[in-house]
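This is what each chain is made of:
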Amino acid sequence: MARLYLTGHTQWDIANSPDVGVTQSVISEDLKAIRAEWVKEARTAYGRRVAQEMAKLDRVEAEAWRAWERSQADAVTIDVEDVPAVAGDNAPPLPGTPISRKVKKAGRDGSAEFLRIVGYCVEKRVELVGLLGMADKVKELSEKLAELTAKRAGKK
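For the structure given in this document, a descriptive report is provided here. (Residues numbered from 1 in each chain as written. Predicted model: local features only at pLDDT ≥ 70, side-chain atom pairs only at ≥ 80, totals over all residues. Heavy atoms only, no water.)

Some words on helix α4 (residues 112–129)
Relative to the 26 Å expected for 18 residues at 1.5 Å per residue, α4 spans 26 Å between its end C-alpha atoms, a close match to the ideal helical length. Listed in full, the buried residues belonging to α4 are Val 118, Cys 121 and Arg 125. Along the axis of α4, the buried residues cluster in a sector spanning 60°; they form a single face. Against α3 (24–72) lie the buried residues of α4. Phi turns positive one or two residues past the end of α4, at Gly 130, with a value near 75°. (Helix = DSSP H or I, 4+ residues; strand = E, 2+ residues; numbered from the N terminus. Expected span 1.5 Å × (residues − 1). Buried < 20%, exposed > 50% of the residue type's maximum accessible area, 1.4 Å probe, protein only. Arc of directions from axis to C-beta. Contact = heavy atoms within 4.5 Å.)

Some points on the nonpolar core
Listed in full, the five residues of the largest apolar core are Leu 4, Ile 14, Ala 15, Ile 27 and Leu 31. Of all the secondary structure elements, the ones that give two or more residues to this core are α2 (11–15) and α3. Here Ile 27 is in contact with Met 1, Gln 11, Ile 14, Ala 15, Val 20 and Val 22, once residues within four sequence places are set aside. (Core = buried A, V, L, I, M, F, W, Y, C linked by side-chain atoms within 4.5 Å.)

Quick look at α3
For an α-helix the count is 3.6 residues per turn, leaving residues at separations of three or four pointing the same way. With 49 residues, α3 extends 71 Å from end C-alpha to end C-alpha; this agrees with the ideal 72 Å at 1.5 Å per step. Residues of α3 that are buried include every one of Ile 27, Leu 31, Val 50, Met 54, Leu 57, Glu 61, Ala 64, Ala 67, Trp 68 and Ser 71, and no others. Among the structural elements, α1 (2–6), α2 and α4 are those in contact with the buried residues of α3.

Digging into the environment of Val 122
Considering the arrangement of structural elements, one finds Val 122 in helix α4. The spacing of Val 122 and Glu 61 is 61 residues in sequence and 8.0 Å in space, taken between C-alpha atoms.

Quick word on the pattern of salt bridges
Applying the stated criterion across every chain yields a total of nine salt bridges. The partner of Glu 53 in a salt bridge is Arg 49, and the shortest N-O contact between them spans 3.0 Å. One end of the pair, Glu 53, and the other, Arg 49, are both in helix α3, four residues apart, so they sit about a helical turn from each other. Judged by relative accessible area, which is 23%, Glu 53 ranks as partly exposed. Across the pair Glu 63 and Arg 70 runs a salt bridge whose closest N-O atoms are separated by 3.3 Å. According to the relative accessible area criterion, Glu 63 is partly exposed, its value standing at 35%. (Salt bridge = Lys/Arg side-chain N within 4 Å of Asp/Glu carboxyl O.)

Read these as layout, nothing more, since geometry by itself doesn't imply function.
Right, dumping it as structure tokens:
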């Protein structure tokens, strides 16, 4: 029956089809139930997809925060130099020759690019769950409620 419906047949055509043999009102009720099931499946699939995308955003944001923390750590540079055991600049070092090490540390402010990624993730998450539109709706409903409350207070 759903196949017939999806290929453009009317409820009347489906009801009068030789392999169906029921009234149009039965077809109408059956199609109503089928459409409700399709909506339920679509919502479930949509919910799963939203959850998958949210998980991806969570992972990217978490990594961006870790990268932000790392980007603030001191930059360390180590210069290693072999010191010849005998006089002369061109003398080859002997085994066990002491090594000169110079360690330089420089503080860093952190890479703002990682914070931009965090902001992007937050923005996309808000879009995904529709929070921005909800804020406008909540404000509108609050204003209407205030109007109704004021009208009722004036009538008493």
